[in-house]
Amino acid sequence: MTEPTDDILTRPLGVPEARAPERPLGRFARLVAPLRRPKVAAGAIAGGLLAASGLVLALGDPQGGEPRVEVAITLREPLARPAPAPVAAVPESPGPVVVNAGGSQQRSAEEIETASGVTVVRPPGSGPSEAVVIRVPPANAPRLAAAPDPRISEQGRHGIMPKLGEGRVRALDVYARAEEPGTGPRIAILVTGLGVGQAATAGATVRLPAAVSLAFLPYGAEAERSAARARDAGHEVFLQLPMEPFDYPDSDPGPQTLLTALKGLENADRLAWSLARFPGYVGVANFMGAKMMADPAFEPVLREIGTRGLGFLDDGTGPKPAPANKGRTPLARAELVLDAVPRTDAIDAALAQAEARARASGFALVSASGAALSVDRIARWARDLDARGIRLVPASVALRGAPEKRVSVAN
C-alpha cells in the first residue's frame, strides 16, 4: 500500500490533485490537452490524437477557443397596430381649408366632394403626402343649375353646344349665378385665362369670392373638369373665344382662332368647336381678338352667339371696338383691366378706382387675368367689402335682361 503523502493528507476531500500550471498552448495543443489522462491505453491516446490532428490540420476549427452560449429564442405575437384616427369632419366655412391628402383622408375628401358639392383642388402630379385645398360653401350658398341642361343643349358637329330653348330660355339666364339681394354700389369682376394652368385655375377657384365670374379657355384636357369645379364652388363661368389680334401671328391665340381672312363657314366651324368644349357657361368672352372684333367678319360670329342664348363680354384689354350688332346680342365691355400694370400697387389702385366708379354710377364691370398676384390682390381687397358698403355681383348682371335695357358699361 502506498504511503499517503503530505499533499494527500492536507488536501480537502473531493479536490483533485493540483497540477503545475501549464504553459500557454496553441490551438492544436488545447484540443488535445483534455485527452491527456493518466493510465489511459496508449493505443486509444494515439488513435484520438491522430484523428483529431488530421481533422484540425485539414479543416481547421473556425470557432476554436471562442466562447459559446446557447440561448433559447421565443417567438412572440406581433404587436397590434393602433387603429387609424378617424378623419375629422370638414367644417362648414366659406373659406379654404387645407388638409393632408394621405390615405383615408384623400378618399374622404373625394366622398365629401361627390356627396356635398364641396370643391377639392389637388395640384397636378400630387402624391399622397401632398396637400389639397378644400372649399366648403356655406349652408345657405346658392347652387348653380346643373349642366348641360337638355332644354338648352343640342348635339353639334364637335359636341354638345348651347341653344336657345323653347320660350326663349337662355343659357345666359339658366347658368347664371343669382345676384344676392342688397343695396348700394355694385362691382362685377371677370377673371380670365383659366383652364390651362392648373395652379392658377385652382387658386382662382378657391381663393376668390364665389360672386367673381371666371372665364375658361377652350384648350387643355382639364378645361371641362376645371369649369365644373368652378361652378360647384359657386362661380358662374364664361367661355373665352380665341380671336385674331392686330399683331397676329406674332401674338397667336392658339388653334381654332377666328381670323378675319377666313370665310364665314370656316369661322363658323371654329366657333362651333370652341362652343362644344365644356357646358354650363353663361356667355362668351374674347381671348385677344382686337382685330377680329373691329372687322365686319365679327358680326356673324356675334349674331351666332346671341341666337344660342348667350351674351358676349369684351374684357377691355384691347381698343374699344364698334361691332355691328344686328342680332342684338347682349353685349358689354369691362371699364377697367385691374392688372393692366401687373404690380401690387397698380392693382390696388385700379381696385380703388373701380370702387369710385361704382359709387358714382352704381355699377362697375372690371376684368383681370388669373395670375397669382392678381388673384391675391382681389382676394385681399374683397375681405371687408361689406364694411365699405360695396357688393360683389356676377358679371352676367351686365348682360341679362333685354338688350335695350341692359347695363351699359362701355368706356
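Each value, and the rule that gives it
Residues numbered from 1 in each chain as written. Predicted model: local features only at pLDDT ≥ 70, side-chain atom pairs only at ≥ 80, totals over all residues. Heavy atoms only, no water. Helix = DSSP H or I, 4+ residues; strand = E, 2+ residues; numbered from the N terminus. Buried < 20%, exposed > 50% of the residue type's maximum accessible area, 1.4 Å probe, protein only. Areas by Shrake-Rupley, 256 points an atom, 1.4 Å probe, with all protein chains shown as cover. Polar contact = N/O pair within 3.5 Å; in protein donor to acceptor, adjacent residues only side chain to side chain. Pairing = 2+ DSSP bridges. Right-handed = clockwise from strand over helix to strand, strands pointing away. Core = buried A, V, L, I, M, F, W, Y, C linked by side-chain atoms within 4.5 Å. Arc of directions from axis to C-beta. Salt bridge = Lys/Arg side-chain N within 4 Å of Asp/Glu carboxyl O. Phe/Tyr/Trp six-rings, centres within 6.5 Å; stacked < 30°, edge-to-face > 60°. Axes fitted to C-alpha atoms, helices over the stretch in contact; angles between N-to-C directions. Parallel < 35°, antiparallel > 145°, perpendicular 65-115°, else oblique. Contact = heavy atoms within 4.5 Å. Nonpolar A, V, L, I, M, F, W, Y, C, P; charged D, E, K, R; others polar. Left-handed = near helix turned anticlockwise from the far one by under 90°.

- As recorded in an unreviewed UniProt entry, the protein chain goes by the name Divergent polysaccharide deacetylase family protein, listed as coming from Methylobacterium brachiatum.

**Considering the overall build of the protein chain**
(1) Moving on: The number of helices and strands found in the protein chain is 13 helices and 14 strands.
(2) Moving on: Counting all 411 residues of the protein chain, 40% fall into the buried class.
(3) Moving on: Taken as a whole, the protein chain presents about 22,900 Å² of accessible surface, with 57% of it coming from carbon and sulfur.

**A short note on the side chain of T201**
(1) Moving on: Here T201 shows up in helix α6 (residues 198–207).
(2) Moving on: Within the structure, T201 has its side chain in polar contact with the backbone nitrogen of G195 (distance 2.9 Å).

**Here's the deal with the pairing of strand β8 (residues 237–243)**
(1) Moving on: Burial analysis of β8 places 7 of its 7 residues in the buried class, the great majority of the element.
(2) Moving on: Of the two faces of β8, both are covered, the one formed by V237, L239, L241 and M243 as well as the one formed by F238, Q240 and P242.
(3) Moving on: Looking at chain direction, strand β7 (residues 213–216) and β8 are connected through 3 bridges and run parallel. Counterpart to F216 in the pairing with β8 is L239.
(4) Moving on: Regarding topology, helix α7 (residues 223–232) serves as the crossover connection from β7 to the parallel β8, and that connection is right-handed.
(5) Moving on: Handedness of the β-α-β unit built from β8, helix α8 (residues 264–275) and strand β9 (residues 281–288) comes out right-handed.

**Here's the deal with α7**
(1) Moving on: All buried positions along α7 are accounted for by A223, S226, A227, R229, A230 and R231.
(2) Moving on: Phi turns positive one or two residues past the end of α7, at G234, with a value near 100°.

**Quick word on the nonpolar core**
(1) Moving on: In terms of nonpolar packing, the biggest core is built from 75 residues, with I189, L208, L214, F312 and L365 touching the most fellow members.
(2) Moving on: Examining the composition of this core, we find that 6 residues originate from one element, strand β6 (residues 186–194), more than from any other.

**What to know about helix α10 (residues 298–307)**
(1) Moving on: Every buried residue of α10 is accounted for by F298, E299, V301, L302 and I305. Buried residues of α10 fall within an arc of 165° about the axis and therefore sit on the same side.
(2) Moving on: Directly after α10, the chain includes G309, whose backbone phi takes a positive value near 80°.

**As for the pattern of salt bridges**
Opposite charge on two side chains permits pairing when their charged atoms draw close.
(1) Moving on: Under the defined criterion, the tally for this structure stands at 20 salt bridges.
(2) Moving on: As a salt-bridge pair, D149 and R151 come within 2.8 Å of each other at their nearest N and O atoms.
(3) Moving on: Under the relative-accessibility criterion, D149 is labelled buried at 11%.
(4) Moving on: Residue class for R151 comes out partly exposed when judged on its relative accessible area of 47%.
(5) Moving on: Within this structure, R207, D348, D376, R377 and R380 form a network of salt bridges that share partners.

**What to know about the packing of aromatic side chains**
(1) Moving on: Applying the stated criterion across every chain, the model contains 4 aromatic pairs.
(2) Moving on: Note on F278 and Y281: the rings are 5.5 Å apart at their centroids and 80° apart in plane angle, and the pair reads as edge-to-face.
(3) Moving on: Ring centres of F298 and F312 lie 5.3 Å apart, and the angle between their planes is 65°; this geometry places the pair in the edge-to-face category. A residue pair is termed long-range when its members are at least 10 positions apart, and F298 in helix α10 and F312 in strand β10 (residues 311–314) qualify at 14 residues.
(4) Moving on: Put simply, the rings of F216, F278 and Y281 touch in pairs and so form one group of aromatic residues.

**Remarks on the pairing of β10**
(1) Moving on: Of the two faces of β10, the one lined by G311 and L313 and the one lined by F312 and D314 are each fully buried.
(2) Moving on: Taken together, the 3 bridges between β9 and β10 define a ladder with parallel strand orientation. Its bridge partner being in β10, V284 is matched across the sheet by F312.
(3) Moving on: Summarising the sheet, β10 and strand β11 (residues 331–333) pair through 3 bridges and their orientation is parallel. Its bridge partner lying in β11, D314 is registered against R333.

**Digging into the packing of α6 against helix α12 (residues 372–381)**
(1) Moving on: Running from amino to carboxyl end, α6 crosses α12 at an angle of 5°, the nearest separation of the two axes being 10 Å. Judged on the interaxial angle alone, α12 and α6 are roughly parallel. Note on element contacts: α12 touches α6 through V375, D376 and A379, opposite G203, A204 and R207.
(2) Moving on: By residue class, the composition of the contact of α6 with α12 is 3 nonpolar, 1 polar and 2 charged.

**Notes on the packing of helix α11 (residues 344–361) against α12**
(1) Moving on: Interhelical geometry of α11 versus α12 gives an angle of 45° and a closest axis separation of 10 Å. Comparing their axes, α12 and α11 come out oblique. Viewed along their axes, α11 and α12 form a crossing whose handedness is right-handed. Seen from α11, the contacting residues are T344, I347, D348, L351 and E355; seen from α12, they are L373, S374, R377, I378 and W381.

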